[in-house]
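Chain by chain, the residues:
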Amino acid sequence: MLFPSFPTISIKLCCTILLGLLFSSSALAKEPLRICALYPHLKDSYWLSVNYGMVDEARKQGVELRVLEAGGYPNQDKQKEQLDLCIKWNADAIILGTVAPDMFYSSLNKASASIPVFATVNQLDVNKDNASVLKGVVGVDWYWMGYYTGEYLKHKHPKGSGITNIALLPGPQSSGGTKPVIQGLLSAIRGSDIRVVDTYWADNDKELQRNLVQKAIESHDIDYIVGSAVAIEAAISELRSAGKTGEISLVSTYLSHGVYRGLLRNRVEFAPTDKMVLQGRLSLRQAIAFLNGTPYEKIEAPIIEALTPHKLSPKVIAESLSPSEYRPTFYVHN
């Protein structure tokens, strides 16, 4: 007989305590990871598709995900407040789609309370003292989104083919990927007969972009409107209302659900995609791998694909756009 000197009740008590400790440890070990994601906004289907990729991956991986969106690129203070909310929520990792690349340049360690940060989609610049907290980056260089857009136009309108006028509606002037997009586009069209007759700036808000489209149509004799997906979506309906569908061509600098429908219906000529759904998945996988101590690629950049009405790969679209019925999801509980 084991433990002959102990009464039976003591053995039972010991066993109960041991079992309790084992179950308690097991429960703690299975506590899901908590990941907090910050977006600049959810005004268009670009970030909606990023959201879908993260949410679907969080459900598959069994982690908790909390999503906060700043409401637009001008809202730096709001995003800083939301970073504080991630800390108070006891996030294990923060995925940051910043509203401004240099907003945390010298303060990321302090702002994140040293919680590991993973930059998603938008460029996040930090100095050497703050680089240690930035554990991963997912995103493409938007210079190339602009470059491939310009390359398409240059191929259609090479030097000597006749002057072709475009109005450029890139989105917000101070934030997001607008500056590198324009740099890439202007670099690509150099030496062609493409002429940018005007550039109209505004946040990626449907009404603001609709107003700019109307202004572009009225102000100049233009052959193309080239711009953000929000601008191009607005332009599809505005050109129809103005009776100018077919007279002015549309080219988007990135993909959205509305732009995709425009490609399907030959209302939009061209759009590059940087695979937003895939980017959402990759950011979540980076954070999980780091937290689990498993190897991962610290810099991930999906291959940019050029889309036209005659080139719409179902696989590329699935890696780019959320399902049509999908709505923004702000919390995943596992």
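Residues numbered from 1 in each chain as written. Predicted model: local features only at pLDDT ≥ 70, side-chain atom pairs only at ≥ 80, totals over all residues. Heavy atoms only, no water.

Identification of the chain as TMAO reductase system periplasmic protein TorT from Vibrio ponticus is taken from an unreviewed UniProt entry. Checking UniProt for the chain, the heading Subcellular location (unreviewed entry) contains the comment "Cell envelope". According to UniProt, the comment filed for the chain under the heading Sequence similarities (unreviewed entry) is "Belongs to the bacterial solute-binding protein 2 family." (UniProt positions renumbered as here; feature names shortened; annotations may be inferred.)

Caption draft 1: Focus on the overall build of the chain. A tally of helices and strands in the chain yields 11 helices and 13 strands. Considering only C-alpha atoms, the chain reaches an extent of 105 × 40 × 35 Å along its principal axes. Counting across all 334 residues of the chain, residues that qualify as buried make up 51%. Summarising the internal contacts of the chain: among those between residues at least 6 apart in sequence, 72% fall at separations of at least 24. Taken as a whole, the chain presents about 16,100 Å² of accessible surface, with 54% of it coming from carbon and sulfur. For the chain, the distance from the average position of its 34 positive side-chain charges to the average position of its 33 negative side-chain charges is 4 Å. (Helix = DSSP H or I, 4+ residues; strand = E, 2+ residues; numbered from the N terminus. Buried < 20%, exposed > 50% of the residue type's maximum accessible area, 1.4 Å probe, protein only. Contact = heavy atoms within 4.5 Å. Areas by Shrake-Rupley, 256 points an atom, 1.4 Å probe, with all protein chains shown as cover. Lys, Arg positive; Asp, Glu negative; His and termini not counted. Charge placed at Lys NZ, Arg CZ, Asp CG, Glu CD.)

Caption draft 2: Focus on the packing of helix α7 (residues 206-219) against helix α8 (residues 229-242). One way to put it is that α7 packs onto α8 with a least axis distance of 8 Å and a crossing angle of 55 degrees. Here α7 lies oblique to α8, going by the angle between them. Seen along the crossing, α7 lies across α8 with a hand that is right-handed. Facing α7, whose interface residues are Lys 206, Gln 209, Arg 210, Val 213, Gln 214 and Ile 217, α8 presents Val 230, Ala 231, Glu 233, Ala 234, Ala 235, Ser 237, Glu 238 and Leu 239. A class-by-class count of the residues in the contact of α7 with α8 yields 7 nonpolar, 3 polar and 4 charged. (Axes fitted to C-alpha atoms, helices over the stretch in contact; angles between N-to-C directions. Parallel < 35°, antiparallel > 145°, perpendicular 65-115°, else oblique. Left-handed = near helix turned anticlockwise from the far one by under 90°. Nonpolar A, V, L, I, M, F, W, Y, C, P; charged D, E, K, R; others polar.)

Caption draft 3: The arrangement of α8 in detail. Helix length check: α8, at 14 residues, gives a terminal C-alpha distance of 20 Å against a target of 20 Å (1.5 Å per residue), a fit within 8%. Buried residues dominate α8, accounting for 10 of its 14 residues. Residues of α8 that are buried: Ala 229, Val 230, Ala 231, Ile 232, Ala 234, Ala 235, Ile 236, Ser 237, Glu 238 and Leu 239. In this fold, the buried residues of α8 make contact with β6 (164-171), α7, β8 (224-227), β9 (249-252) and α9 (257-264). A positive phi of about 70 degrees marks Gly 243, the residue just after α8. (Expected span 1.5 Å × (residues − 1).)

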